[in-house]
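Residue-level structure breakdown
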Amino acid sequence: MTSVTLYVLAAAVVFGAGVFGVLTAAHLLRKLLALNMIGSAVFVLMLAVSGRPGGTTDPVAQALVLTGIVIAVASTAFALALAIRIHHDSGRVTLSAPEDDDDR
Amino acid sequence: MNVELAIDALIAVGFASLAVRVVTGRRLFADIVTFVVFGLVVSLAWARLGSPDLALAEAAIGAGLTGALMLVAYRTLARGGWTPTPTEGRRSTVAVAIGVLSATAVAAIGVAAVGAAGEGSAPDSAGAAALEALDGTGLGNPVTAVLLLFRNLDTLLEMFVLLVVLLGTWAVATPLRTGVRARVPRDTPLVAALVGIVVPTAVLVAAHLLLAGTDRPGGAFQGGTVLAAAGVVLVLTGAIRARSRSGLRLRIALIAGVATFVAIGAGAPLFGAEPMELPGTWAVYLIEVAMMASIATTLLLLFTRSRGVGATEADAGAEGGR
């Protein structure tokens, strides 16, 4: 097993954990944590599987992931502003209907 | 088993188990902190995967800023009447099954892709082409070359995305105009020392990252984030605070990145280059400086969720231009 395979497998675990988190978490902040983890998993995967021309890591893949990281933090900031607004207007920190609140 | 592989195994197992911990944890605050640690371990993975640029970005943005945003949102919710309660155990067989299934699918795709790519990638790949063309650019860092020369439209649009996100945040931000406010008393000796040491160091590091970025790891994004982090420290310690309107200098800083980028890109034919083809290394430096100012300002305002920031006391204006 090579190092790259190790990172691919770890990224797969993170991806699965993120999917589980998005599905089960009710709290909006928890959902965002899980979504961010899915993002990180995809980024690690992209870089791990990209080729290594001339022994260096593919610069195009690195640039794509760098762009992705910045966009991810920006959209997280926007989503957090939305979550805070939802709480401010409705007093709730989840998206489910009031009667489903104690579902999970 | 050699040492390198052992280190990689440690990092891989480390961030995978931290991720599982984040989604199975029961106390949200602790899980946010775990998420920050997760980000730091991932940044080690970047370094091991041969990408120090991404390691710097992940440590500053992925772990640092995202964590700070999450913690401030947590506190804002708590102050707005939400009581943090431990999440009850989440048992959902379906969710576990879907999680395991997606992990397996991702692993299969990933392992297959690694097998297909092998150690040396196809000679006609974009990455190989970028490395080949690097010699003629005067830049030493291939990532900076891709971001600013070969695929600079992506980077320009990314700057626009940052602006759109900021406008969106302004639109939905809670009426709480003051945004994030300091809780730490300013006259505490430790706080003054922290601000006195951390902020100048951060500015220095940001400038270094920017200048080094053309030849070595670093660049406008990393530098801008470190600068924004210095601003976050200033906000949290009460040296500067959110304002309900933005001054002219702040607005200029916000659009400096896209404005400079568009101006040089559109004016490139004057220097005998194609539109968006940067006419020289000076253009790269100019755009990176402007982008760093815009990135730092945008990220800081996303943190405070306000239209502006200003000095808390009468020494106003000192930080107004950030």
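What counts as what
- Residues numbered from 1 in each chain as written.
- Chains lettered and ligands numbered in written order.
- Predicted model: local features only at pLDDT ≥ 70, side-chain atom pairs only at ≥ 80, totals over all residues.
- Heavy atoms only, no water.
- pLDDT = per-residue confidence, 0-100.
- Contact = heavy atoms within 4.5 Å.
- Helix = DSSP H or I, 4+ residues; strand = E, 2+ residues; numbered from the N terminus.
- Buried < 20%, exposed > 50% of the residue type's maximum accessible area, 1.4 Å probe, protein only.
- Bend = angle between axes of the 7 residues up to and from the residue.
- Buried area = accessible area lost by both parts, 1.4 Å probe.
- Salt bridge = Lys/Arg side-chain N within 4 Å of Asp/Glu carboxyl O.
- Polar contact = N/O pair within 3.5 Å; in protein donor to acceptor, adjacent residues only side chain to side chain.
- Core = buried A, V, L, I, M, F, W, Y, C linked by side-chain atoms within 4.5 Å.
- Domains from an automatic or database assignment.
- 1 Å grid on protein atoms, 1.4 Å probe; cavity = no way out; pocket = protein on both sides within 12 Å on 5 of 7 lines; lining within 4 Å.
- Points joined across faces, edges and corners; volume = space filled by probe spheres on them.
- Nonpolar A, V, L, I, M, F, W, Y, C, P; charged D, E, K, R; others polar.

Moving on, we come to the confidence of the model for chain B. Per-residue confidence for chain B gives a mean pLDDT of 84, with 89% of residues at or over 70. Here residues 314-322 of chain B is a poorly scored stretch, pLDDT under 50, and it has 17 contacts once near neighbours within four places are set aside; other chains count.

With that settled, the discussion passes to the environment of alanine 61 of chain A. Residue and element names in this part refer to chain A. By the secondary structure assignment, alanine 61 is in helix α3 (residues 59-90). Owing to a relative accessible area of 9%, alanine 61 belongs among the buried residues under this scheme. As a C-alpha pair, alanine 61 and phenylalanine 43 span 18 residues in sequence and 9.2 Å in three-dimensional space. Setting aside residues up to four positions removed in sequence, alanine 61 forms contacts with Leu47 and Ser50.

Attention shifts here to helix α10 (residues 248-267) of chain B. Two residues of an α-helix separated by three or four positions point the same way, owing to the 3.6 residues in each turn. Residues and elements named next belong to chain B. At alanine 256, α10 shows its largest bend, some 50 degrees. Looking only at α10, the buried set comprises Leu250, Ala253, Leu254, Ala256, Gly257, Val258, Thr260, Phe261, Ile264, Gly265 and Gly267. At its buried positions, α10 is contacted by α6 (142-150), α7 (152-172), α11 (281-304) and β2 (308-311).

We now examine the interface of chain B and chain A. If you look at the interface, chain B gives 91 residues, while chain A gives 69 residues. Summed over both partners, the interface of chain B with chain A buries about 6900 Å², with 80% contributed by carbon and sulfur atoms. Across the salt bridge formed by arginine 30 of chain A and aspartate 31 of chain B, the nearest N and O atoms sit 2.7 Å from each other. In this assembly, chain B and chain A are joined by nine residue pairs in polar contact (both at pLDDT 80 or more). With 14 residues, the top contributor of residues to the side of chain B that touches chain A is helix α3 (residues 52-79) of chain B.

By size, the foremost hydrophobic cluster in this structure holds 125 residues, and its most contacted members are Leu29 and Met37 of chain A together with Phe15, Phe38, Trp46 and Met291 of chain B. Summarising the domain contributions, this core has at least three residues from each of domain 1 (1-89) and domain 2 (124-322) of chain B. Not counting residues within four places of it along the chain, the set of residues in contact with leucine 29 of chain A comprises Leu80 of chain A together with Leu28, Ile32, Met70, Ala73, Tyr74 and Leu77 of chain B.

What follows is about the layout of surface pockets. Taken as a whole, the second largest pocket encloses approximately 230 Å³ of empty space. Lining the second largest pocket are 13 residues, with Ser3, Val4 and Arg52 of chain A together with Asp8 and Arg48 of chain B sitting closest to its centre. Among the elements of the structure, α1 (3-24) of chain A together with α1 (3-24) of chain B are those that each provide at least two residues to the lining of the second largest pocket. When residues of the lining of the second largest pocket are assigned to their parent elements, the largest contribution, three residues, is made by α1 of chain A. Here the residues of the lining of the second largest pocket are counted per class, giving three nonpolar, five polar and five charged.

Within the structure shown, the criterion is met by six cavities of 30 Å³ or more. The volume enclosed by the largest cavity comes to roughly 110 Å³. For the lining of the largest cavity, the elements supplying multiple residues, two or more each, are α2 (28-49) and α3 of chain A together with α2 (28-48) and α3 of chain B. Classifying every residue of the lining of the largest cavity by side-chain character gives six nonpolar, six polar and one charged. As a volume, the second largest cavity reaches approximately 70 Å³. Where the lining of the second largest cavity is concerned, the elements lending two or more residues are α6, α9 (220-236) and α11 of chain B.

With that settled, consider the side chain of threonine 67 of chain A. Relative to the assigned elements, threonine 67 of chain A resides in helix α3. When neighbours within four sequence positions are excluded, threonine 67 of chain A is seen to be in contact with Leu147 and Glu158 of chain B.

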